[in-house]
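Here's the letter readout for the chains.
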Amino acid sequence: MEKKLRSTGWFGRTGKDGFIYRAWMKNQGIPDYEFNNKPVIGICNTWSELTPCNAHFRDLAETVKKGIYEAGGFPVEFPVMSLGETLMKPTAMLYRNLVSMDVEESIRANPLDGVVLLCGCDKTTPALVMGACSVNLPTIVVSGGPMLTGRHKGAAIGTSDLWRYHDAVREEKITQEELMTIEGSMCRSSGHCAVMGTASTMACMVEALGLSLPGNAAIPAADARRKVLAQFSGLRIVEMVKEDVKLSDILTRDAFENAIISNAAIGGSTNFVIHLIAIARRIGVNLTLDDFNNIASNVPLLVNLQPSGKYFMEDLYYAGGLPAVLKELHQFLHNDCITVNGKTIGHNYKPSECHNREVIAGLDAPFNPVSGVIVLKGNLCENGAVIKPSAATPALMQHTGKAVVFEDVDDFKNRIDDRDLEVDESSILVLKNVGPKGYPGMPEVGNMGMPKKLLEKGITDIVRISDGRMSGTGFGTVVLHASPEAACGGNFSVVQSGDVITLNVPECSLHVHLSDEELQERKQRWKPKPAIADRGYVGLYIQHVEQAHLGADMDFLTGMSGSEVSKDSH
Ligand code: FES
């Protein structure tokens, strides 16, 4: 017998309650047979003109609706707070957990049987998936797709080039006017960043987890096939409701391992680590930072995309997309994981082919034998830190140098270009107080700009360490997510300029050469900075956000409450 639809708890009722639930829906000109006793599918939309990467989502939602109607369901589009990476201050990450709450409560409180999550710009994907996990209804993700590759003076450009152009302006190699021209050449279509930044990494993550239809990650936003996929997703979610395929049926420990393996092969963003752990902790899968080293240690980098390589998401799509990458990875993957289309991931990638070995290398000749995100441990990061070796300088993978410490972002901005700053190519820059609590919100400032006097000497990379994050489009020998963060009074809080630090990526270690006694003594003298806010959402965030190695979620949001509504007020 088919399971009773959740939405009939609203629309199938008699008397005053049923009247209220149905009558106000009818003011939209909808007869009750449209929504009564049919799978009601919420389309969770992060459309906003303040999130340019998601500005085409109204159109995308209309296409999803066509599929839902076609399959006999009833679509209802609803807005949630959107997170635009480029405009939000102090950082969109501060609001990821807030959006996840918005999503969770919006889904649970309403007469929904299934949900389509429209995700695009970086944080919109983890925020929506985290929120949906805490409700655990049948759910499918439709990503907005990447922008078309930018073009400037005949060359392909994307977001990762922004960092190079920024340094070029500081070195007066290009003018401000030329930089303005580049702005218009880079973002030339709808969609999210076209490199393997965080948005693309997240789109690949949901596909590798099995939360989207195959091919979802790489189809450009402007390509007509993005709409075809959206319509098929609308069709499929109705079937998922009938089959009662919930998020917890798909998000198994093996699915998370597949995502980690895939992320290594694509050269995904370091932000992947934080978001994947946060999602796992919502759905109840035990995933720790150490798993990232253990699961993907043999997986080479196959995908030659910026920032680790040369090409763009559009090229990845033409080369076969993520399914072609997954096919290459078959010996590492749990191929029997079920995905949203009801088929296994192994079944899904089977028909795919690689059409360009320059973009997707084979396992026999990988683009780079070094891949993924390496988790570091040591007395400078007792609970861990991460580095992305494929975007770093190989010669710096084992490096010892003297620390040049900045106490916060303002200190960094004030002194980085100071001619008297004692820094050379062997120095290690350390930036404190850009962690979850300290900033607050853990901004993407970890790939701090190089000191001008080193740039003038032609040095473009030195080791940089912080408790913050880095844009997925960033690169360099950058150690991130040091935990516990400086604001929490651990060893990272008390490192000082002149201390000697050793980074040893092959041994997964990060060490400051100080005795335990010296560290202890410094920590006893350490005093926390006053909190930036003690009220409102930011005050709540500072009080409850967890450290990076736990996914930087709020401590009270871990786990799920399911889809049951506790009280019925009508
Ligand atoms: Fe939205 Fe890069 S700014 S994905």
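The present account deals with the structure reproduced in this document. (Residues numbered from 1 in each chain as written. Predicted model: local features only at pLDDT ≥ 70, side-chain atom pairs only at ≥ 80, totals over all residues. Heavy atoms only, no water.)

Concerning the overall build of the protein chain
Each helix and strand counted, the protein chain has 21 helices and 14 strands in total. For 570 residues, the compact-globule formula gives about 25 Å, and the C-alpha radius of gyration of the protein chain, at 24 Å, lands near that figure. Projecting the C-alpha coordinates of the protein chain onto the three principal axes gives extents of approximately 75 × 55 × 50 Å. Per-residue burial over the protein chain gives 61% buried out of 570 residues. For the protein chain, the proportion of contacts with a sequence separation of at least 24, taken over those separated by at least 6, is 76%. (Helix = DSSP H or I, 4+ residues; strand = E, 2+ residues; numbered from the N terminus. Rg over C-alpha atoms; globule rule 2.2 N^0.38 Å. Buried < 20%, exposed > 50% of the residue type's maximum accessible area, 1.4 Å probe, protein only. Contact = heavy atoms within 4.5 Å.)

Looking at helix H4 (residues 57-70)
Between its terminal C-alpha atoms H4 stretches 20 Å, which fits the 20 Å expected from 14 residues at 1.5 Å a residue. Where H4 is buried, its residues meet strand E1 (40-45), strand E2 (74-79), strand E3 (114-119), strand E4 (139-143) and helix H10 (224-243). Phi for glycine 72, located one or two positions after H4, is positive at around 90°. (Expected span 1.5 Å × (residues − 1).)

Comments concerning the nonpolar core
In terms of nonpolar packing, the biggest core is built from 128 residues, with Phe256 and Leu276 touching the most fellow members. In terms of residue count, helix H13 (residues 271-283) provides more of this core than any other element does, nine residues in total. Setting aside residues up to four positions removed in sequence, phenylalanine 256 forms contacts with Leu209, Leu251, Leu276, Ile279, Ala280, Ile283, Val285 and Leu287. Ile374, Val405, Ile465 and Ile501 belong to the second largest nonpolar core, which has 28 residues in total. (Core = buried A, V, L, I, M, F, W, Y, C linked by side-chain atoms within 4.5 Å.)

Concerning the packing of helix H5 (residues 96-109) against helix H6 (residues 124-133)
At a minimum axis separation of 7 Å, H5 and H6 run at an interaxial angle of 40°. With respect to their mutual orientation, H5 and H6 come out oblique. Note that H5 runs across H6; the crossing there is right-handed. Between H5, through Arg96, Asn97, Val99, Ser100, Val103, Glu104 and Ile107, and H6, the contact on the second element is made entirely by Pro126, Ala127, Leu128, Met130, Gly131 and Ala132. Of the residues contributing to the contact of H5 with H6, the split by class is eight nonpolar, three polar and two charged. (Axes fitted to C-alpha atoms, helices over the stretch in contact; angles between N-to-C directions. Parallel < 35°, antiparallel > 145°, perpendicular 65-115°, else oblique. Left-handed = near helix turned anticlockwise from the far one by under 90°. Nonpolar A, V, L, I, M, F, W, Y, C, P; charged D, E, K, R; others polar.)

A word on the side chain of asparagine 216
Inspection of the secondary structure assignment puts asparagine 216 in the loop between helix H9 (198-209) and H10. Those residues in contact with asparagine 216 that sit more than four places away from it in its chain are Val141, Val142, Ser143, Ala203, Val206, Glu207, Arg226 and Leu229.

Comments concerning the environment of proline 39
Along the chain, proline 39 turns up in the loop between helix H3 (32-35) and E1. Assessed through its relative accessible area of 6%, proline 39 is described here as buried. For the pair proline 39 and valine 463, spaced 424 residues apart in the sequence, the C-alpha separation amounts to 54 Å. Apart from residues lying up to four places away in sequence, proline 39 is in contact with Leu5, Gly72, Gly73, Phe74, Asp113, Val238, Val241 and Lys242.

Topic: the pattern of salt bridges
With the rule as written, the count across this model stands at 35 salt bridges. Glutamate 178 is paired through a salt bridge with lysine 153; the nearest N and O atoms lie 3.0 Å apart. Note that glutamate 178 is positioned in helix H8 (residues 176-186) and lysine 153 in the loop between strand E5 (150-152) and strand E6 (155-157), a separation of 25 residues in sequence. The closest approach of N and O atoms between glutamate 171 and lysine 173, which form a salt bridge, is 3.3 Å. The exposure class assigned to lysine 173 is exposed, which follows from its relative accessible area of 61%. Where salt bridges share partners, they join Glu85, Asp122, Lys123, Glu444 and Arg469 into one cluster. (Salt bridge = Lys/Arg side-chain N within 4 Å of Asp/Glu carboxyl O.)

Looking at helix H14 (residues 289-296)
Because an α-helix completes one turn every 3.6 residues, residues spaced three or four positions apart along the sequence face the same direction. Of all eight residues in H14, six are buried, a share of seventy percent or more. Along H14, the positions that sit buried rather than exposed are Leu289, Asp291, Phe292, Asn293, Ile295 and Ala296. Next to the buried residues of H14 lie helix H12 (253-266), H13, strand E7 (374-378) and strand E8 (381-387).

Some points on unusual backbone geometry
With omega at 0°, the peptide bond leading from lysine 89 into proline 90 counts as cis. Note on placement: proline 90 falls in the loop between E2 and H5. Between glutamine 306 and the following residue, proline 307, the backbone shows a cis peptide bond with an omega angle of 5°. With respect to the element layout, proline 307 can be found in the loop between H14 and helix H15 (313-318). With a phi close to 60°, histidine 481 is a non-glycine residue in the positive phi region. Along the chain, histidine 481 falls in strand E12 (residues 478-483). Residue classification places histidine 481 among the buried residues on the basis of a relative accessible area of 4%.

A look at the sheet that holds E2
Strand order in the open sheet formed by four strands is E2-E1-E3-E4, and the pairing between neighbours is parallel. Both edges of this open sheet fall to E2 and E4, since each of them pairs with a single strand only. Strand after strand, the sheet turns through a mean of 20° between neighbouring axes, direction not considered. Bridge analysis of E1 against E2 gives six bridges, and the strand direction is parallel. Bridging across to E2, asparagine 45 finds its partner in proline 79. (Pairing = 2+ DSSP bridges.)

Some thoughts on the packing of aromatic side chains
Tallied over the full model, the rule gives eight aromatic pairs. Aromatic pair phenylalanine 272 and phenylalanine 292: ring centres 6.0 Å apart, planes at 80°, arrangement edge-to-face. Of this pair, phenylalanine 272 sits in helix H13 while phenylalanine 292 sits in helix H14, placing them 20 residues apart in sequence. Considered together, phenylalanine 272 and phenylalanine 292 belong to a single accessibility category, that of buried residues. (Phe/Tyr/Trp six-rings, centres within 6.5 Å; stacked < 30°, edge-to-face > 60°.)

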